[in-house]
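Coordinate inspection notes
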Amino acid sequence: MTVIPAADVPIPIFTTLTEVYGSLVTAAKHAERWDELVREFETKFGHKPTYVARAPGRVNLIGEHIDYADFGVFPAAIEHDILIACAPRPASTAAAHHGGHAPGSVVAENLHTRYTRQVFMPTRRHTLGDDVPLDAVRVAPWHLDINKSELRWESYVKAGYYGVLDHFFSPSSILPVPVDILVTGNVPPGSGLSSSAAMVVSSTLAFLAVNGIFDGEKAPTKGELVNIAVENERRVGVNSGGMDQSASVIALPGSALYISFVPSLHAEPIVLPRDAVFVCANSLVISNKAESAKHQYNLRVAETHAAARLLSHHLNLRVDHTDGDNTKRRLVTLREVMARKSGFYRDEQDAQLENLVQLQKGLVDMLGTAMDYLLPEFNDRTDISLSEMINKSGMDEAEFREVYLSGVDVETTNFELYLRARHVFEEALKVLKFREVCLAEGGNEEFKLQTLGKLMNDSHDSCHRQFDCSHPKLNDLVRVARSFREVETGRGKGRIYGSRMTGAGWGGCTVSLVHREDVEAFIMHMKTKYASYEGMSEEDLASCVFATEPGMGACGDFLFFVLRIFGMLMFLGQCLNSQIDHRIGKS
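What counts, and at which threshold
- The residue numbers shown here count from 1 along each chain, following its written sequence.
- In view of the model being predicted, local features appear only for residues whose pLDDT reaches at least 70, and side-chain atom pairs are presented and counted only at 80 or more, with totals across whole chains, interfaces and linings using the full set of residues.
- Computation of side-chain values: all heavy atoms of the structure, hydrogens and water removed.
- Only when DSSP finds a minimum of two bridges between them are two strands counted as paired.
- Numbered from the N terminus, helices here are DSSP runs of H or I no shorter than four residues, and strands are runs of E no shorter than two.
- Between N-to-C directions, angles span 0 to 180 degrees; the directions come from axes that are lines fitted to C-alpha atoms, helices contributing only their stretch in contact.
- The contact rule is simple, with two residues in contact once any of their heavy atoms fall within 4.5 Å.
- Between rings of Phe, Tyr and Trp, where Trp is taken as its six-membered ring, a pair exists when centres lie within 6.5 Å; planes separated by under 30 degrees are stacked, by over 60 edge-to-face, and by other angles tilted.
- Whether a residue is buried, partly exposed or exposed follows from its accessible area with a 1.4 Å probe, protein chains only, as a fraction of its type maximum: under 20%, in between, or over 50%, in that order.
- Should the NZ of a Lys or the CZ of an Arg lie within 6 Å of a ring centre and within 35 degrees of the ring normal, that charge is described as sitting over the ring.

1. Some points on the sheet that holds strand 16 (residues 496-502)
Overall, antiparallel pairing links the four strands, which are arranged 16-17-11-18 in an open sheet. In this open sheet, the two edge strands, each paired with only one partner strand, are strand 16 and strand 18 (545-548). Between one strand axis and the next, the sheet turns through 25 degrees on average, direction left out of account. In the sheet, strand 11 (residues 276-282) pairs with strand 18 via four bridges, with the strands oriented antiparallel. Note that in strand 18 the partner of Ala281 across the bridge is Val545. Of the strands in this sheet, strand 11, strand 16 and strand 17 (509-515) touch helix 16 (residues 472-482), which is tilted by about 170 degrees from strand 16.

2. Quick notes on the packing of aromatic side chains
Here the structure, examined in full by the defined rule, presents nine aromatic pairs. Between the aromatic rings of Phe400 and Tyr404, the centroid separation amounts to 5.1 Å while the plane-to-plane angle is 25 degrees, which identifies the pairing as stacked. With Phe400 and Tyr404 both in helix 13 (residues 397-405) and four residues apart, the pair spans about one turn of that helix. Each of the two residues, Phe400 as well as Tyr404, counts as buried. Here the guanidinium or amino end of Arg340 rests over the ring plane of Tyr345, the centre of that ring lying 3.9 Å away. Over the ring of Tyr258 we find Arg435; its NZ or CZ atom is 5.9 Å from the centre of that ring.

3. Quick word on the environment of Leu317
By secondary structure assignment, the location of Leu317 is in the loop between helix 8 (297-314) and strand 12 (321-323). According to the relative accessible area criterion, Leu317 is buried, its value standing at 17%. In sequence terms Leu317 and Arg340 are 23 residues apart; their C-alpha atoms lie 6.9 Å from each other. In this structure Leu317 touches Ser312, Val337, Arg340 and Lys341, once residues within four positions along its chain are discounted.

4. Some remarks on unusual backbone geometry
Cis rather than trans, the peptide bond between Val262 and Pro263 has omega equal to 5 degrees. Position of Pro263 relative to the elements: it lies in the loop between strand 9 (256-260) and strand 10 (266-270). Despite not being glycine, Asp70 shows a phi value in the positive range, around 75 degrees. Inspection of the secondary structure assignment puts Asp70 in the loop between strand 2 (51-62) and strand 3 (74-88). For Trp506, which is not glycine, the phi dihedral falls at a positive 55 degrees. For Trp506, a relative accessible area of 11% translates into the label buried.

5. So, the environment of Ser387
Following the sequence through the fold, Ser387 ends up in helix 12 (residues 386-393). Judged by relative accessible area, Ser387 falls into the exposed class, the value being 55%. A sequence separation of 27 residues divides Ser387 from Asn414, and the C-alpha atoms of the two residues are 9.3 Å apart.

See the structure below:
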């Protein structure tokens, strides 16, 4: 039997919630929310939705800030998700909206009352070039206004729409249909659980579905959708590496994923130890990756890429394209530098999968003396000035700025290259060890959990001290979590194995590895001991601290899907002991 790689699988389309979740009981758990979305859509727009697109959030178990350096990561999808109901706008209702039935126009609503209705329409900018006759018009790519300095909820909808327009609607093609969409979600914004990626993925899906692209020959695979979604999220100013989109799109029920990006996108399902449960806790510090990108996320991307350039120059690696006397400079990653230094870069380009043995050896080798080149020459600090960084790069200032600073918006006076690169190489090694422990057959399960927990603890410490992407409140949450080991549970001391920040950082959530039998006691410990939770209602606390297992809440074959709605969803009865009367009306 031929096994199709997860990234090459088509995007599934289901017709019932039972197909989506795998069982009637599990579907019933989510039925009310879906039912409300479909009802509200008809109330707001006067017609039924034809699709609901879903993309889950994710929790990264280990491997922080290394995806944009092209190293593998270890996330899992979570139950929390973004749902978007959508349908083409009928001509009978078009007159009620600004733009009416104009091709491609969008009326976007959000179930959260703080978000107002938005109406927008893509345009093509018609421009004249120097080599174009005055009576001719050159058609430029599609354009949607996205204010990166003040991101709003619809910015992520527009970002998803952008990719659909650019990839599937050429100047000579048919025009996109006018669309009505209604958004809801329970992934807390700025929590580090990838609400932005889930929003961009689900909106991309919605515009693909409503324009009939899933029904044609151009229907993208999951891997192709990941690439489009990464490109889309960069339109809101975030130079994302691809982990969040991959986890949201490719995740499989019951497994975490080892996601690698070289030589191509590949997702390997990894089953975790049977007693491992991960608990997410929200610091309540909003981490707005897009709005703070200049001096946080995007700056880290720039620092890791600059570190790669300096190391490649120091090691005399040929990373640029040459044509006679002309050299075309290009961006290189720390992973490419490692592969070239270790001598397997060319072989890897022709391989189907990465060689994990040589990858591990290459990482250990990179942590040797060559790293000292990233330090400044004349003081005891670890950060380096822009002028010295350029001088050590082997490039002149103009070309360095063009390649490394023109495409990313950053604000800083000095750059921290040494500690950033060290974190990346060490974190990549931790991911490989995490994978190895999970895949090991037999052995002591308790020892496995302890080993995984130590890797998570070490990862947080590196994020805090070397990558400087933690936050005092995240550190407080980690300390509270780790103190559970001193709590008497009735079965001995609390079994907390490790705790770390997850996601981009600078706020958001932590993830803790807890023994299955101690989860309830651990959650209660977190709710009562983290000072910022004081005075919160039980309902709010439940959304702040929750257990998650890979794939939970999206049972069946896929965690990511489009649901085609045939008529109204109706769910009657209660979820637990009573029988569910689940009907889907046919239109």
